[in-house]
Amino acid sequence: MLINRIFSGNDAVYGLTEKAVNDAVQQHGADKAVGFPHTAYCLPCYYAVTGVKIKTLGELQAALGVVKSLMTREHALDDALMSGVATALCAEFIEALKYLDGAEPYQEPCYGHLADSIIRELGVPLVTGDIPGVAVILGSAPTAQEGVDLIKSYQAQGILVTLVGGIIDQAQELGLKMGYNLRIVPLGKDVTSVIHVVSVALRAALIFGNVTPGDAASLLTYTKDRVPAFVNAFKPVDDVVLAAGAGAIKLGFPVISNEDENIVEVPGALIACPNVADFNKVSLEARGIKIKITKVDIPVAFASAFEGEIIRRKDMRVEFDGSRVDCVELVQTKEMNEVEDHKITVVGPEVDSFELGSKHSLAYVVEVAGKKMQPDFEPVIERKFHNYINCIEGVYHTGQRDMFRIRISNDAFAAGFRAKHFGEVLYTQVKNEFEAVVDKCQVTVYTDPDECTRMRHEVAIPTFDKRDARLETLTDESVDVYYSCILCQAFSPSHVCVVTPERLGLCGAVSWLDAKATNELDPNGPCQIITKERPIDVNLGSYEDVDEAVKKYSQGALEHVTLYSIMQDPMTSCGCFECICGIEPFSNGVVIANREYAGMTPLGMTFSEMASMTGGGVQTPGFMGHGKHFISSKKFMKAEGGIERIVWMPKELKETVAERLNKTAKELYGIDNFTDMIGDETVATDPEVLVAFLTEHNHPALSMDPMM
Ligand code: SF4
Ligand code: NI
Ligand code: NI
């Protein structure tokens, strides 16, 4: 019965797809280009499953035959599940047709196809458990309220929620705020739009997992073991939805439904759950997702899903703005007897006495004490404040140190949120996350403007200056050990980052100090000490110790890794790099593109296309993923001559790194305003125009040795 229904749903979808594709070929011709925007994987699902890139309508038509071959009709569960996969591929074909001629078929709030860059962004939070799972909610809930409650329950757990069909209207009806930044992503109203989340899961396997396109068995193992997704399907579940659900089950994603008619449960895979209020619990159990619960004693919600929430001027009660008045956030190490655990003090007036929409000073100082606490950990803890404060519902934080800006929304204020609650949040989170080094913690929140000025100028700035001076002297030569980071192995099983003072992790989120603190907090965790006692070639940055470490932590997948070369045994990339650099042969230089840049580079590739050659934990000489901060490092491809090789960067990235990069160029080569010599998209996106520009500006790379 169940199997027959899946077959019939699959047949129906296949019929529609065949007709749509044939019509499209008739209308536009077989040579018409087909594909999704901002991806290097053409039709990603079809490519992942078969290894074939579809680029034209003619190829799409031919691919129908391949899909048909998956639609076996033996009466066994696995035939049914493969028909589910065939249904998913059909859905991808139908969705791809919507994008013909550069059309933008999806309007707010729906997203439709999701760009490769979003998948890379998801890497780290999925790995750290910050996003513990991905929910796919399909259909219309019995009532709008039940639907929204379900969405919110996942959101409060940090789960990324994708929506397909009537649930989107229900969410809009009740005014639910949606968007990728809130971890609620409405995909589309047609059931076929569910393919856009499947596409994310399959591209994750290609990007992070180094799964060979076409190796369907590894692909399915990857999604089953490493992508924590599940489906909630509301009744009525018709044959088509059931067929799509079979595809999800084949990928390892359980389907939970309140359907009570004509459904046979498949243990662990297709689960009946009559009460929508129980969906959350049943789903997490079925997918084995564990939620880190942090109970913070404040009157509004606290969850990582609120991290990306933006508070607009018209919605804010008050603002604290470090660019206008004295603001500062600071961690200070104290003696045990100087700290009273969980003491929270507010110095100055509470928010109640501030006028609506006004700007004020704010300082919060977190004093910590612990036997294993070191001043080196202060900036590591402090940098998390942005994340902690942003997790408060209705509170928004940008910037850091004495240049932060915080807004408290009218809603949060009305719910009772006050300045003292910053203290509560900081206390709870610091104690939670840094319990291995912080035994006691107290927080003072200053709203008194004179006190803020005093704290900023007399206490904090001298501390920051001292720390910056310490960072300046932290070079690869000045330390005794480096650190490995294997956090991304959850997705990229053979990837290892080697983190040094002058080369941070490619995600941009793990500096040498971070790695050191992580090692201290969790000695058996992702960051392990790598000694550097047996150098092989100092210029390349190769060490026997490093080789041994990467071999061990990659389970033998890697034998040699150099720290400073892009050509010889370069470091691998998981997929969540902030930037990629790749060699540009006409100028003897390298081009760097950052994830946010969607345009073309002089390599004839977009960031996505460069990235598709770089990830998956494999070494790709000539291409390297790295953090933004690394661009101004003296160790940036030092073996090939260093930053002098940089010939092109997107304008925005160039502006972000200009100050530090120019400083390094001056120090290393005596070049003034080096960034003026570097091309960007306003100058050239093809190599010939670029070389002309470089020649005109006398760029040093032109006279360097070729790299290959
Ligand atoms: Fe992943 Fe490397 Fe960043 Fe660690 S340092 S989180 S392994 S990218
Ligand atoms: Ni001042
Ligand atoms: Ni990663």
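Residues numbered from 1 in each chain as written. Chains lettered and ligands numbered in written order. Predicted model: local features only at pLDDT ≥ 70, side-chain atom pairs only at ≥ 80, totals over all residues. Heavy atoms only, no water.

## Structural notes on the coordination of the nickel ion (ligand 2)
Convention followed: Listed donor atoms are N, O and S within 2.8 Å of the metal (Na, K and Ca: 3.2 Å). As water is not included, a site may look incomplete. Only DSSP runs of H or I with at least four residues qualify as helices, and only runs of E with at least two residues qualify as strands; both kinds are numbered from the N terminus onward. Each residue is placed in one exposure class: buried if its accessible area under a 1.4 Å probe, protein chains only, is under 20% of its type's maximum, exposed if it is over 50%, and partly exposed if it falls in between.
Those donors, Asp326 (OD), Asp326 (OD) and His457 (NE2), are the protein atoms that reach the nickel ion (ligand 2), and they lie 2.3 to 2.8 Å from it. Taken together, the residues aspartate 326 in the loop between strand S7 (316-321) and strand S8 (327-333) and histidine 457 in helix H16 (residues 449-473) connect sequence positions 131 residues apart. On the basis of relative accessible area, histidine 457 is assigned to the partly exposed category, the value being 43%.

## Quick notes on the domain arrangement of the protein chain
Using the following cut-off: What marks off one domain from the next here is an automatic or database domain assignment. Two residues qualify as a contact provided that any one of their heavy atoms is within 4.5 Å of a heavy atom in the partner residue. As used here, buried area is the combined drop in accessible area, with a 1.4 Å probe, of two parts when they are placed together. When a carboxyl oxygen of Asp or Glu is within 4 Å of a side-chain nitrogen of Lys or Arg, the pair counts as a salt bridge. Counted as a polar contact is a pair of N or O atoms within 3.5 Å, where, for protein atoms, one must be capable of donating a hydrogen and the other of accepting one, and residues adjacent in sequence contribute only when both atoms are in side chains. Residues are grouped as follows: Ala, Val, Leu, Ile, Met, Phe, Trp, Tyr, Cys and Pro are nonpolar; Asp, Glu, Lys and Arg are charged; all remaining types, including Gly, are polar.
Assigned domains within the protein chain: domain 1 (2-102), domain 2 (116-287), domain 3 (304-451) and domain 4 (481-703). Using C-alpha coordinates to define each centre, domain 1 is positioned 38 Å away from domain 4. With four residues of domain 1 in contact, the opposing surface of domain 4 contributes four residues. In this assembly, domain 1 packs against domain 4 so that about 290 Å² is buried in total across both faces, 65% of it on carbon and sulfur atoms. When the buried surface of domain 1 facing domain 4 is broken down by residue, His38, Ala40 and Tyr41 rank first, second and third, together holding 90% of it. Where domain 1 packs against domain 4, one counts zero salt bridges. Connecting domain 1 to domain 4 are zero residue pairs in polar contact (both at pLDDT 80 or more). For the side of domain 1 that touches domain 4, the residue count by class is two nonpolar, two polar and no charged.

## With respect to the coordination of the nickel ion (ligand 3)
Listed as protein donors to the nickel ion (ligand 3) are Cys488 (SG), Cys574 (SG) and Cys576 (SG); their distances from the metal cover 1.9 to 2.2 Å. Within one chain, the residues donating to the nickel ion (ligand 3) are spaced in sequence as C-x85-C-x1-C. Remark: cysteine 574 occurs in the loop between helix H18 (544-553) and strand S20 (579-584) and cysteine 488 occurs in the loop between strand S15 (481-485) and strand S16 (497-499); sequence separation between them is 86 residues. According to the relative accessible area criterion, cysteine 488 is buried, its value standing at 12%.

## Looking at the packing of aromatic side chains
To keep it simple, the criterion reads: Centres within 6.5 Å are what make two rings of Phe, Tyr or Trp a pair, Trp counting through its six-membered ring; a difference in plane orientation under 30 degrees is then read as stacked, over 60 as edge-to-face, and the rest as tilted. To sit over a ring, a charge needs its Lys NZ or Arg CZ within 6 Å of the ring centre and within 35 degrees of the ring normal.
Throughout the structure, instances matching the rule amount to 17 aromatic pairs. Ring-pair connections join several aromatic residues into one group, and the members of that group are Tyr364, Phe385, Tyr388, Phe404, Phe417 and Phe422. Its end group placed over the ring of phenylalanine 413, arginine 317 keeps NZ or CZ at 4.1 Å from the ring centre. The ring of phenylalanine 413 has arginine 418 sitting right over it, with the charged end atom 3.8 Å from the ring centre.

## A short note on the UniProt feature "domain: Carbon monoxide dehydrogenase subunit alpha ,N-terminal" (unreviewed entry) in the protein chain
We count it as follows: UniProt positions are given in the numbering used here, feature names are shortened, and annotations may be inferred rather than shown by experiment.
When the UniProt feature table is mapped onto this chain, "domain: Carbon monoxide dehydrogenase subunit alpha ,N-terminal" (unreviewed entry) is found at residues 18-100. Along residues 18-100, the helical share is 65% and the strand share 0%, with 16 Å between the first and last C-alpha atoms.

## Structural notes on the sheet that holds strand S22 (residues 623-626)
Definition in use: Only strands joined by at least two bridges in the DSSP assignment are considered to pair. Lines are fitted to the C-alpha atoms to define the axes, a helix being fitted only along its stretch in contact, and any angle between axes, read from their N-to-C directions, falls within 0 to 180 degrees.
With mixed pairing, four strands are arranged side by side in an open sheet as S22-S20-S21-S23. The sheet is open, and its two borders are formed by S22 and strand S23 (646-648), each paired with just one other strand. Averaged over all neighbouring strand pairs, the angle between strand axes comes to 35 degrees, with direction disregarded. Where strand S21 (residues 589-594) and S23 come together, two bridges link them in parallel fashion. The residue of S23 that forms the bridge with valine 591 is tryptophan 648.

## As for the side chain of glutamate 640
Rules: Under this rule, positive means Lys or Arg and negative means Asp or Glu; His and the chain ends count for nothing.
Tracing the chain through its elements places glutamate 640 in the loop between S22 and S23. Although glutamate 640 is buried, it makes no salt bridge; arginine 645 carries the closest opposite charge, 6.9 Å away. From its side chain, glutamate 640 meets the backbone nitrogen of isoleucine 566 in a polar contact 3.1 Å long. At a separation of 3.4 Å, a polar atom in the side chain of glutamate 640 contacts the main-chain amide nitrogen of methionine 567. When sequence neighbours within four positions are dropped, the list of residues in contact with glutamate 640 reads Tyr564, Ser565, Ile566, Met567, Gln568, Arg645, Met704 and Met707.

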